[in-house]
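Observations on the model geometry
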Amino acid sequence: MPTSANSDAVLLLTAHLSGPDDNGAKPLTTKEWGDFADWLEKRDATPAHLLENADAVLGSRSDSRGTIERIKRLLDRGSALGLAKERWTQAGLWWLTSADEDYPGRLKEQLGRSTPAVLYGCGHQTLLRSRGIAVVGSRSASARELSWTQAFGAAVADAGYSVVSGGARGIDQAAMFGALNRGGTVIGILADSLLRALTRKMYRSHLRSQNLVLISSFHPEAGFTVGRAMQRNKYIYCLSDKALVVHSGIKGGTWEGAIENMKRQWVPVWVRQDSDDSPGNTALLSVHQAQGPPQEVIQQICASDQPLESQATPIQHQSVASSGQVAAESPHEPAGNADLYGHFIQSLRKRLANGAIKKSELESHYGLVKKQFDIWIKRAVEEKAVIRKERPVRFE
């Protein structure tokens, strides 16, 4: 694909290359690149200027000598970059750097310095500028939720929006293929293995028909890590107009992504109200509730242009104690979790309504780390919201 000097310079500084001509210099991280790009802009310099005369551009930089040498070593990877670009092109990949005109503007607007320097992709690139509804949820959703989500993806397609999701098993793929099988369009944002994904049979026909674009901010051959999956979540929200959480626990990628979106106020978010066994949904329902058949939900989402600031009070701001009054955050709880305690108590009371339940069963149901569960259940006993029984340990 055609490329510019600016684009090449960004790739040299930020891309992980491989091959005998790569000198092993560690590419700049997203944060490092954001800071460095800001430094260049303040000096009316472009990345391309580094290729023309790096010494002249870097001469006024006050970084340690090691950092400047690292940048020069990264810029000296021209042969490795040429081989990588040839390999990517032959595989059917394209790439966009933050220096390219076609780079998605909404990512830059939402993320600022945290904008990924490079997006690798395959499929119909112009879909990145389409209106989109993000659909997120866990891999452990029930069959009923997956069926509902597939129908919702079709409803999104009927409404003229693209589905934006992460390509993972479960909710992501149900929404994506619900839209694709209806003839709609999809933006898939992957956390790993983009090169392998474009060869998968389930994607091939949709890539050929230009109804699908797959992108990743990570090296096309990068493997899966939890960190990459967490980082990918923000791009799903920031490439969308609105978002729907179908199924969430109180930990994990879906939960963390939804909480970050609410804090950053990137896009309005709806939460499905009647998801099966989803404690995270209960805790998130202080924002827009989504209920009813898929067609009604998409109409509700698309019809509302209500800004995020005017939604109900975000869950971070208050805690509902067992008495129904706002409670202060416990000094023994991790910061930001006191507001979830009230939701935990409400859900726990409903679950114990029909009799005592063993501690191990409750731990498994709520999906909390053991330390967090112990803190909350101890507080619930102290406040006499529940009663602890022994042999075996259970609560009623």
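Definitions and cut-offs
Residues numbered from 1 in each chain as written. Predicted model: local features only at pLDDT ≥ 70, side-chain atom pairs only at ≥ 80, totals over all residues. Heavy atoms only, no water. Helix = DSSP H or I, 4+ residues; strand = E, 2+ residues; numbered from the N terminus. Contact = heavy atoms within 4.5 Å. Areas by Shrake-Rupley, 256 points an atom, 1.4 Å probe, with all protein chains shown as cover. Salt bridge = Lys/Arg side-chain N within 4 Å of Asp/Glu carboxyl O. Buried < 20%, exposed > 50% of the residue type's maximum accessible area, 1.4 Å probe, protein only. Pairing = 2+ DSSP bridges. Core = buried A, V, L, I, M, F, W, Y, C linked by side-chain atoms within 4.5 Å. Phe/Tyr/Trp six-rings, centres within 6.5 Å; stacked < 30°, edge-to-face > 60°. Lys NZ or Arg CZ within 6 Å of the ring centre and 35° of its normal. Axes fitted to C-alpha atoms, helices over the stretch in contact; angles between N-to-C directions. Parallel < 35°, antiparallel > 145°, perpendicular 65-115°, else oblique. Left-handed = near helix turned anticlockwise from the far one by under 90°. Nonpolar A, V, L, I, M, F, W, Y, C, P; charged D, E, K, R; others polar. Right-handed = clockwise from strand over helix to strand, strands pointing away. Expected span 1.5 Å × (residues − 1). Arc of directions from axis to C-beta.

**Comments concerning the overall build of the protein**
- Within the protein one finds 17 helices and 12 strands.
- Of all intrachain contacts in the protein linking residues separated by at least 6 positions in sequence, the fraction that spans at least 24 positions is 71%.
- Per element, the accessible surface of the protein, about 18,200 Å² overall, is 48% carbon and sulfur.

**What to know about the pattern of salt bridges**
- All chains considered together, the criterion is met by 15 salt bridges.
- Arginine 113 is the salt-bridge partner of aspartate 38, the closest N and O atoms lying 2.7 Å from each other. Of this pair, aspartate 38 sits in helix H2 (residues 30-42) while arginine 113 sits in the loop between helix H6 (105-111) and strand S2 (118-123), placing them 75 residues apart in sequence.
- Relative accessible area serves as the criterion here: at 45%, arginine 113 is assigned to the partly exposed category.
- One connected set of salt bridges, linked through shared partners, spans Lys31, Asp35, Asp38, Lys42 and Arg113.

**Considering the sheet that holds strand S12 (residues 394-395)**
- With respect to topology, three strands assemble into an open sheet ordered S10-S12-S11, the strand pairing being antiparallel. Looking at strand neighbours, the two that pair on one side only are strand S10 (357-358) and strand S11 (388-389), the edges of this open sheet.

**Notes on the nonpolar core**
- Of all hydrophobic cores here, the largest spans 64 residues; its most connected members are Leu13, Phe36, Phe152 and Leu214.
- Ranked by the residues each element gives to this core, the list is headed by helix H8 (residues 171-180), at six residues.

**Focus: the environment of serine 248**
- Following the sequence through the fold, serine 248 ends up in the loop between strand S7 (242-247) and helix H12 (253-264).
- Residues serine 248 and alanine 141 lie 107 residues apart in sequence; the distance between their C-alpha atoms is 8.5 Å.
- Apart from the residues within four sequence positions on either side, serine 248 is in contact with Thr254, Trp255, Ser278, Pro279, Gly280, Asn281 and Leu284.

**Here we look at the packing of aromatic side chains**
- Within this structure, the stated rule accounts for six aromatic pairs.
- An angle of 70° between the planes, with centres 5.1 Å apart, marks the rings of tryptophan 88 and tyrosine 120 as edge-to-face. Of the two residues, tryptophan 88 sits in helix H5 (residues 78-91) while tyrosine 120 sits in strand S2, which places them 32 residues apart along the sequence.
- Under the relative-accessibility criterion, tryptophan 88 is labelled buried at 0%.
- Under the relative-accessibility criterion, tyrosine 120 is labelled buried at 3%.
- Members of the aromatic cluster, connected to one another through ring pairs, are Trp33, Phe36 and Trp39.
- Over the face of the ring belonging to tyrosine 161 we find arginine 131, whose NZ or CZ atom lies 4.1 Å from the ring centre.
- The ring of tryptophan 148 is capped by arginine 272, whose NZ or CZ atom sits 4.2 Å from the centre of that ring.

**Quick notes on unusual backbone geometry**
- In this structure, proline 392 follows arginine 391 across a cis peptide bond, with omega equal to -5°.
- Inspection of the secondary structure puts proline 392 in the loop between S11 and S12.
- A positive phi angle, close to 55°, is found at aspartate 44, a residue other than glycine.
- By relative accessible area, aspartate 44 is classed as exposed at 70%.
- Phi at glutamine 210 is positive, roughly 65°, even though this residue is not glycine.
- Relative to the elements of secondary structure, glutamine 210 occurs in the loop between helix H10 (201-208) and strand S6 (212-216).

**Description of the packing of H8 against H10**
- At a minimum axis distance of 12 Å, the contact between H8 and H10 shows a crossing angle of 40°. Classified by the angle between their axes, H8 and H10 sit oblique to one another. H10 is crossed by H8, and the crossing has left-handed handedness. Seen from H8, the contacting residues are Gln173, Met176, Phe177 and Leu180; seen from H10, they are Met202, Tyr203 and His206.
- Here the contact of H8 with H10 is composed, by residue class, of five nonpolar, two polar and no charged.

**Topic: the environment of alanine 155**
- As for its position among the elements, alanine 155 is in helix H7 (residues 143-158).
- For alanine 155, the residues in contact, after removing those within four places along its chain, are Pro294, Gln295 and Ile298.

**Quick word on the pairing of strand S5 (residues 186-189)**
- Taking every second residue as pointing to the same face, both faces of S5 are buried, with Val186 and Gly188 on one and Ile187 and Ile189 on the other.
- Note that strand S4 (residues 162-165) and S5 share three bridges and pair parallel. For valine 163, the partnering residue across the bridge sits in S5 and is valine 186.
- Running through H8, the crossover from S4 to the neighbouring parallel element S5 is right-handed.
- Summarising the sheet, S5 and S6 pair through four bridges and their orientation is parallel. The residue of S6 that forms the bridge with isoleucine 187 is valine 213.

**Re H5**
- Compared with the 20 Å implied by 1.5 Å per residue over 14 residues, the 20 Å span of H5 between its first and last C-alpha is a close match.
- Here H5 has its buried residues at Ala80, Leu81, Ala84, Lys85 and Trp88. Down the axis of H5, the sector holding all buried residues measures 130°, keeping them to one side.
- Looking at the packing, one finds that the buried side of H5 touches helix H1 (5-14), strand S1 (94-97) and S2.

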